[in-house]
Amino acid sequence: MAALEPEVLPPASVPDLEWYDKSEEAPDLQIDLLETHSAQEPPNPSEPFCPRDRLVPVVFPGPVSQEGCCRFTCELLKHIMYQRQQLPLPYEQLKHFYRRTSPQAEDAVRKKPRTASEASSRKCQQALAELDSILSHLEDLFARTLVPRVLVLLGGSAISPKEFYELDLSRLDPLSMDQSLSTAACLRRLFRAIFLADAFSELQAPPLMGTIIMAQGHRDCGEEWFRPKLNYRVPTRGHKLTVTLSCGRPSVPALASEDYIWFQAPVTLKGFHE
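All values derive from a computational prediction rather than experimental measurement.

Here we look at the packing of aromatic side chains
Any aromatic ring pair is given by two values, namely how distant the centres are and how the planes are angled relative to each other.
Logical step 1: Taken as a whole and assessed by the stated rule, the structure comprises five aromatic pairs.
Logical step 2: Aromatic side chains W225 and F226 sit 5.0 Å apart centroid to centroid with 80° between the ring planes, which places their arrangement in the edge-to-face category.

Below you can see the structure in the form of structure tokens.
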């Protein structure tokens, strides 16, 4: 198999600020999204907030759909996997590479030992299959229940990871009867805020690490694939980045915390290097 060489792809396949065609936005929803705030306040008052923790708050000027919340989660997971070098290319490019091998790649395959090519292909296919499985089951989970928070834990264990990333969705109002904002516009705003915060630049290049996904959901949602973790506590050690999303409204109905528990994906994502 060829060494993975980045190809020039159409913008729709590259995870950047212009992933999504602006024509998707409804004319009456083309509202300038509010700028993110820089206030360094704890995303959850019950948890300690270390000064070295990074906080990226993003405010949308209206409600977003439950499908939008799921999309934010899946795209952020793929972005973290690439930024923390658990994937050699962005997810969309990696999928494209294995779907359509370029002539240059075919030439490289002939020059590369067959055993190394086969091993690299197996690792990539396994990593993509595991990631696709989690993305699919996240969609199922969001279809069953509100998901107030999601954790992406890298290295170590679920209790003591080396790095962890939190997406706080508890301030959104996905069940609002009002028309939801365009998911594409909200995604652009979300990733613009992350890029402007320069959230990953200060981190050293990591080794390959296992990635664990935790998500909160209603205890009676009937979820079977994710495993309930009734006594789980969010880690207090390790590098932490929290992205908080809110809908810019003065009051969002609070969720009864005792009704929501943590669920853990039964699959630990394993990254790979070329």
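Side note on the pattern of salt bridges
Logical step 1: A complete count under the given rule lists nine salt bridges for this structure.
Logical step 2: Ionic pairing is found between E163 and R84, a salt bridge with its closest N-O pair at 2.7 Å. Taken as a pair, E163 in strand β3 (residues 163-171) and R84 in the loop between α1 (66-83) and α2 (91-99) lie far apart in primary sequence, 79 residues in all.
Logical step 3: A residue is classified by how much of its surface remains accessible, and R84, at 3% relative accessible area, is buried.
Logical step 4: Between R171 and D168 there is a salt bridge, and its shortest N-O distance comes to 2.9 Å.
Logical step 5: With a relative accessible area of 2%, D168 lands in the buried category.

Let's talk about α1
Residues spaced three or four apart along an α-helix face the same direction, because each turn holds 3.6 residues.
Logical step 1: A rise of 1.5 Å per residue sets the reference length of α1, with its 18 residues, at 26 Å; its end C-alpha atoms lie 26 Å apart and thus fit the reference within 8%.
Logical step 2: Counted residue by residue, α1 has 14 buried out of 18 residues, so it is predominantly covered.
Logical step 3: Downstream of α1 by one or two residues, Q85 has phi in the positive range, about 60°.

A closer look at the packing of α1 against helix α5 (residues 183-197)
Logical step 1: Their axes nearest at 10 Å, the elements α1 and α5 cross at an angle of 35°. Crossing of α1 against α5: the hand is right-handed. Every residue of α5 that contacts α1 at G68, R71, F72, E75, L76 and H79 is listed here: T183, C186, L187, L190, F191, I194 and F195.

What counts as what
Throughout, a residue's number is its position along its own chain's written sequence, starting from 1. Since the coordinates come from a predicted model, pLDDT governs what is reported: local features require at least 70, and pairs of side-chain atoms require 80 or more to be given and counted, while whole-chain, interface and lining totals use all residues. Here the side-chain values reflect all heavy atoms present in the structure, with hydrogen atoms and water set aside. Any Phe, Tyr or Trp ring, taking Trp's six-membered ring, that has another such ring centre within 6.5 Å forms a pair; planes under 30 degrees apart are called stacked, those over 60 apart edge-to-face, and the others tilted. Take a side-chain nitrogen of Lys or Arg and a carboxyl oxygen of Asp or Glu: if they are within 4 Å of each other, that pair is a salt bridge. Strands are runs of DSSP state E lasting at least 2 residues, helices are runs of H or I lasting at least 4, and numbering of each runs from the N terminus. Note on classification: 1.4 Å probe, protein chains only; a residue is buried when its accessible area is under 20% of the maximum for its type, exposed when over 50%, partly exposed between these limits. One less than the number of residues in a helix, times 1.5 Å, gives the span that helix is expected to have. Fitted lines through C-alpha atoms give the axes, limited to the stretch in contact for helices. The angle between two N-to-C directions lies from 0 to 180 degrees. Crossing handedness is defined as follows: a turn of the near helix away from the far one that is anticlockwise and smaller than a right angle gives a left-handed crossing, while the clockwise case is right-handed. What makes two residues a contact is simply this: any of their non-hydrogen atoms within 4.5 Å.

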